[in-house]
Amino acid sequence: MTRSANMIIKNGYVFDPLNDLDGEVMDLFIRDGRVVGDLRAGERRDAKVIDASGKTVMPGGVDSHAHVAGAKVNAGRLMRPEDHYRSVREKTRLTHSGSGYTIPSVYKQGYDYAAMGYTTVFEAAMPPLEARHTHEEMRATPILDMGAYLVLGNNWFIMRYLKEGEIEKAAAYAAWMLRTHKGYGIKCVNPAGVENWGWAKNVAGLDEPNIHFEVTPREVIRGLAEVNEMLGLPMSLHLHANNLGHPGNWETARDSLMIPSGLAPANRSEVDEPETKLDCRRRQTVYLAHAQFNAYGGTSWRDFCSGAPELARYLNQTEDVVIDSGSVPFGPATTMTGDGPAQHDLYVITGQKWSNTDVEMECGSGVLPFLYLKTSPVHSVQWAIGLEVLLLIDDPWKTIMTTDHPNGGVFTRYPDLIAWLMSKRARDETARECHKWAYDRSSLGGVDREISLYEVAVITRANPARTIGIAHRKGHLGPGADGDVTIYDLDPAGLDSNDPSSIRSAFGRPEYTVKDGRIVARRGEIVAVPEGRRFYTTPYVDEDQELEMMADVKEWFKYYTVGFANYPVPERYLKNPTPIAVNRPLEAVVRR
Amino acid sequence: MEATLTPRGRIGIMVEAEVISPDVFQGLGIGEIEELEVWQGPEKHPLAEFFDVEVRAEGSGETRIVIEGDVSRVKRIGQSMKSGSIEVHGSAGMHTGTGMSGGEITVEGDVGSWAGMEMSGGLLTVLGDAGDHVGSAYRGSWQGMTNGRIVIDGNAKSQLGGGITGGEIIVGGDVENFCAIRQSGGTIVVRGSAVRGAGAEMSGGTLAVEGKVEQISPGFLPAGQEENPKLADVELIGRFERLTGDYAAFKNPKGSLLLKEV
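Residues numbered from 1 in each chain as written. Chains lettered and ligands numbered in written order. Predicted model: local features only at pLDDT ≥ 70, side-chain atom pairs only at ≥ 80, totals over all residues. Heavy atoms only, no water.

Colleague: Which residues make up the overall build of chain A, and what are the values?
Modeller: Looking only at helices and strands, chain A features 19 helices and 26 strands. Taken over C-alpha atoms, the radius of gyration comes to 23 Å for chain A, in line with the 25 Å a tight globule of 592 residues would show. Projected onto its principal axes, the C-alpha coordinates of chain A cover approximately 65 × 55 × 45 Å. Looking at chain A alone, contacts between residues at least 24 apart form 78% of all its contacts between residues at least 6 apart. (Helix = DSSP H or I, 4+ residues; strand = E, 2+ residues; numbered from the N terminus. Rg over C-alpha atoms; globule rule 2.2 N^0.38 Å. Contact = heavy atoms within 4.5 Å.)

Colleague: So what's going on with the interface of chain A and chain B? Which residues, and what values?
Modeller: The extent of an interface is frequently quoted as the accessible surface area lost upon association of the parts. Across the contact, eight residues belong to chain A and nine residues belong to chain B. Taken together, the connections running from chain A to chain B amount to two salt bridges. In this structure, the salt-bridge partner of Glu118 of chain B is Arg86 of chain A, at a minimum N-O distance of 2.7 Å. In this structure, the connection of chain A to chain B is made through four residue pairs in polar contact (both at pLDDT 80 or more). In the side of chain A that touches chain B, the residues fall into two nonpolar, two polar and four charged. (Salt bridge = Lys/Arg side-chain N within 4 Å of Asp/Glu carboxyl O. Polar contact = N/O pair within 3.5 Å; in protein donor to acceptor, adjacent residues only side chain to side chain. Nonpolar A, V, L, I, M, F, W, Y, C, P; charged D, E, K, R; others polar.)

Colleague: Outline the sheet that holds strand 17 (residues 331–337) of chain A, listing residues and values.
Modeller: Residues and elements named next belong to chain A. If you walk across this open sheet you meet the three strands as 17-19-18, and the pairing is antiparallel. Of all strands in the sheet, those with a lone pairing partner are strand 17 and strand 18 (355–359), marking the two edges. Put simply, the sheet's adjacent strands are angled 15 degrees from each other on average, direction ignored. Contacts between helix 2 (residues 71–79) and the sheet are confined to strand 17, strand 18 and strand 19 (363–372), with strand 19 contributing the most and set at about 45 degrees to the helix. Against the sheet, helix 12 (residues 340–350) contacts strand 17, strand 18 and strand 19, and its axis sits at roughly 35 degrees relative to strand 19. (Pairing = 2+ DSSP bridges. Axes fitted to C-alpha atoms, helices over the stretch in contact; angles between N-to-C directions.)

Colleague: So, the pattern of salt bridges: which residues are in play, and what are the values?
Modeller: Per the stated rule, a full pass over the model turns up 56 salt bridges over all chains. Across the salt bridge formed by Glu229 of chain A and Arg282 of chain A, the nearest N and O atoms sit 2.9 Å from each other. Note that Glu229 of chain A is positioned in helix 9 (residues 217–231) and Arg282 of chain A in the loop between helix 10 (250–258) and strand 13 (286–288), a separation of 53 residues in sequence. Exposure remark for Arg282 of chain A: the relative accessible area of 5% places this residue in the buried category. The partner of Glu37 of chain B in a salt bridge is Lys44 of chain B, with the nearest N and O atoms 3.7 Å apart. Among the charged side chains, a network of salt bridges with common partners joins Arg34, Asp145, Arg473, Lys474, Asp482, Asp484, Lys515, Asp516 and Arg533 of chain A. (Buried < 20%, exposed > 50% of the residue type's maximum accessible area, 1.4 Å probe, protein only.)

Colleague: Outline the packing of helix 13 (residues 377–391) of chain A against helix 15 (residues 424–433) of chain A, listing residues and values.
Modeller: For any two helices packed against each other, one specifies the crossing angle of their axes together with the interaxial distance. Residue and element names in this part refer to chain A. At their nearest, the axes of helix 13 and helix 15 sit 12 Å apart, and the two run at 160 degrees to each other. One way to sum up the angle between helix 13 and helix 15 is to call them roughly antiparallel. Seen along the crossing, helix 13 lies across helix 15 with a hand that is left-handed. Between helix 13, through Trp383, Leu387 and Leu391, and helix 15, the contact on the second element is made entirely by Arg427, Thr430 and Ala431. Grouping the amino acids of the contact of helix 13 with helix 15 by side-chain chemistry returns four nonpolar, one polar and one charged. (Parallel < 35°, antiparallel > 145°, perpendicular 65-115°, else oblique. Left-handed = near helix turned anticlockwise from the far one by under 90°.)

Colleague: Account for the sheet that holds strand 4 (residues 43–46) of chain B, with residues named and values stated.
Modeller: If you walk across this open sheet you meet the four strands as 4-3-2-7 (chain B), and the pairing is mixed. Strands at the two margins of the open sheet, each flanked by one partner only, are strand 4 and strand 7 (74–75) of chain B.

Colleague: Hey, could you go over the state of the cysteines for me, with residue numbers and the actual values?
Modeller: Residues and elements named next belong to chain A. Tallying each qualifying case throughout the model produces zero disulfides over all chains. No disulfide involves Cys434; its sulfur sits 16 Å from the nearest other cysteine sulfur, which is in Cys305. For Cys434, a relative accessible area of 9% translates into the label buried. (Disulfide = S-S within 2.5 Å.)

Colleague: Any chance you could break down the pairing of strand 6 (residues 61–66) of chain A for me, citing the residues and the numbers?
Modeller: Residues and elements named next belong to chain A. Within strand 6, six of the six residues are buried, leaving the element largely enclosed by the surrounding structure. Taken together, the four bridges between strand 6 and strand 9 (residues 118–126) define a ladder with parallel strand orientation. Residue pairing for strand 9: Gly61 is matched across the bridge by Tyr118.

Colleague: Describe helix 7 (residues 167–181) of chain A, and please don't skip the residues or the numbers.
Modeller: If you check helix 7 of chain A, its first and last C-alpha atoms are 21 Å apart, about what 15 residues at 1.5 Å a residue would give, namely 21 Å. In terms of burial, helix 7 of chain A is largely enclosed, as 13 of its 15 residues are buried. (Expected span 1.5 Å × (residues − 1).)

Colleague: Could you give an account of the layout of surface pockets, with specific residues and numbers?
Modeller: Put simply, the largest pocket is a space of about 770 Å³. Around the largest pocket, the lining comprises 26 residues; the ones closest to its centre are Tyr85 and Val88 of chain A together with Glu18, Arg76 and Gln79 of chain B. When contributions to the lining of the largest pocket are tallied by element, the ones reaching two or more residues are strand 7 (88–89) and strand 8 (98–99) of chain A together with strand 3 (37–40) of chain B. Looking at the lining of the largest pocket, the element that brings in the most residues is strand 3 of chain B, giving three residues. Across the lining of the largest pocket, the residue classes break down as seven nonpolar, nine polar and 10 charged. Lining the second largest pocket are 23 residues, with Arg80, Glu82 and Leu371 of chain A together with Ser141 and Gln143 of chain B sitting closest to its centre. Only helix 3 (81–84) and strand 19 of chain A provide two or more residues apiece to the lining of the second largest pocket. Sort the elements by how many residues they give to the lining of the second largest pocket and strand 19 of chain A lands first, with three residues. (1 Å grid on protein atoms, 1.4 Å probe; cavity = no way out; pocket = protein on both sides within 12 Å on 5 of 7 lines; lining within 4 Å. Points joined across faces, edges and corners; volume = space filled by probe spheres on them.)

Colleague: So, helix 6 (residues 156–163) of chain A: which residues are in play, and what are the values?
Modeller: All names here are of chain A. Among the eight residues in helix 6, six count as buried, and that is most of the element. When helix 6 is considered as a whole, its buried residues turn out to be Phe157, Ile158, Met159, Arg160, Tyr161 and Leu162. For helix 6, the capping residue at the N-terminal end is Asn155, with a side-chain oxygen 2.8 Å from the backbone nitrogen of Phe157.

Honestly, that's just the spatial picture; any functional story needs more than this.
Okay, structure coming up:
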């Protein structure tokens, strides 16, 4: 950063849930890009002062689950020229040009997030072999701080170690992989099922052993969750459950979420502890991705209905689960996931153009354009479910608002989601416009809850940051936090939930987005383009375990199409690499 | 109001002139029209750099633009226009009338590719030949022209009417490959001949070819003969064989291919 970034944000209504601030009117101080309790007189004189009187102030937005970098995102761009030619951003003196609506180019994506008040975005699925590509795209994404979760749920080494009961070696392998590929946490997509997709099959239940490896989804989920806590990673296991996108799958989701229960959450990352009022370390041992796609009732598309009430009932009873919503705001989307067979099912239903990839010994993926229509009965129920999962789970600290961008919809539609969550009237208006199944086949019509600005701050910054273990610097505004602040032109005193359009426009175009103490966006216009950080974890494991594990890796590496030396991602691939040390020797837990 | 644009000379790199549209010109003075910006490669230039502009303000009615000369290196004339008319006394470049929803464009010479792409209304008349993708969908999209009318007096090249869902395209001469590919509605009439792939992946609408189809798509099944079959606004004279398809792409397709018996 070229100049010291001192700033005073005066008189705003501050919503900072991790510090228990619910709209207190106060001043915020930022010194050299970090939040501090106060500034010295000399620093005050040259500080940039923003008058936030009558405005809503929150920490910079944190998106903990979006598909924003890597091979499948780019495959989406390549197969969808029609997504680009109508959605164009002209270059300015400061910014690059860009294009794309559901799968914007990296520049446009960075600007669009920043203009909407988000400063931190995590890529939800990085296949190890595509890690270089993923880092290249993150490197080119302006402004945002980023990281990426490593996909390990169908990895041959992991499955073999779990089959053989070698959990320590599985942990050593996961640790080595995170360091090697500069990954942030462990993502598990359709565990044991994607491997079967190599034979045009899937797994039917949590206890069905897959082909060749003969491990079950249950064993993979339990194994990876144990590995995650043995390593003490900042984020818990991030699970894309089996049976995704199928009627009646809420039971699979619930049963999957029960598998890690009993484990103790252990975030042993070595970071400067901030002085937050609430504990900024995670409570959960499993973080369910895009719950909407896994909260379906019924037995077929004919008797399809919401399964969200049942799933929410389980969430309300347990403390060790967090979900993100994967909500559906209607309109164009591009579905992309490591769940190859789920994408094939979508292809069979829609006949759309479809891309499918097998990632050697690691995973798979599929991409397919999609349009959610208000006239469609099923899509209307999906819209309802995406809001139910956020409204029926009582504790907002168990939920995160996403669209699983660009699967359920585009991230630029977040303001619409907020309006629906804050306003029953907004929901009723949309329900009248869409197919009657929306209210007939869900419980949404009977839900009166309207979430507060405080809860908005929980589900869009504080909780995503805490869930993925980055809340020591993101998602709050206490001393020590990064100086990432969003100021919305919304007066909490005059907030009217019957006026959803003003909520929508305030959240769509913040007055200011501040990143590291500098204004990066002002009323939708990008005014500075700093380079973001790349977070990754470097977990320590016992050296002997690591040596034995490496011998296995080298032996099996002959099946890869790449040479061993070309497999790792060198640190020079990353802009502002920010490793987080985890599980260092003193506290290393070595189970023998 | 009537504006006349006279090309000032040969144009090198093609010019992107979506500003040449009655909706844009409406209510503007000559100076403002001259200052309208067009892209040429990476640079922006005023329209006056490429055209001499004359404006006659009399007449209250709709805006009319007359282009006196060859503009085959000017793209996007009349793009997205909603009303008024454009007359080109010469040939026009690519994307003429792309996305137009109303009004009329008449080109006395030829047009480049993508003429009337994804148009939803209005009339586009070409007295000469047309390039590829007339009235079709943009690359990657499956929905082409949805309404309106395109008349080509000469020949057109490949993928005419790709993804058309409504409206009419009438070609006086011949077309090349994959005419009406992925057609799901609307009407296409070709007075001349087609090469191969006519109606491929068709699921609805009608394609009539009065000349010869060099290679009929294999997914079409015979559905009887008809004398002077009736199409919306078009007269077909003679005995036609009706085929239904494309069964190669769909289980229950409703596409009609009418072939004149020779």
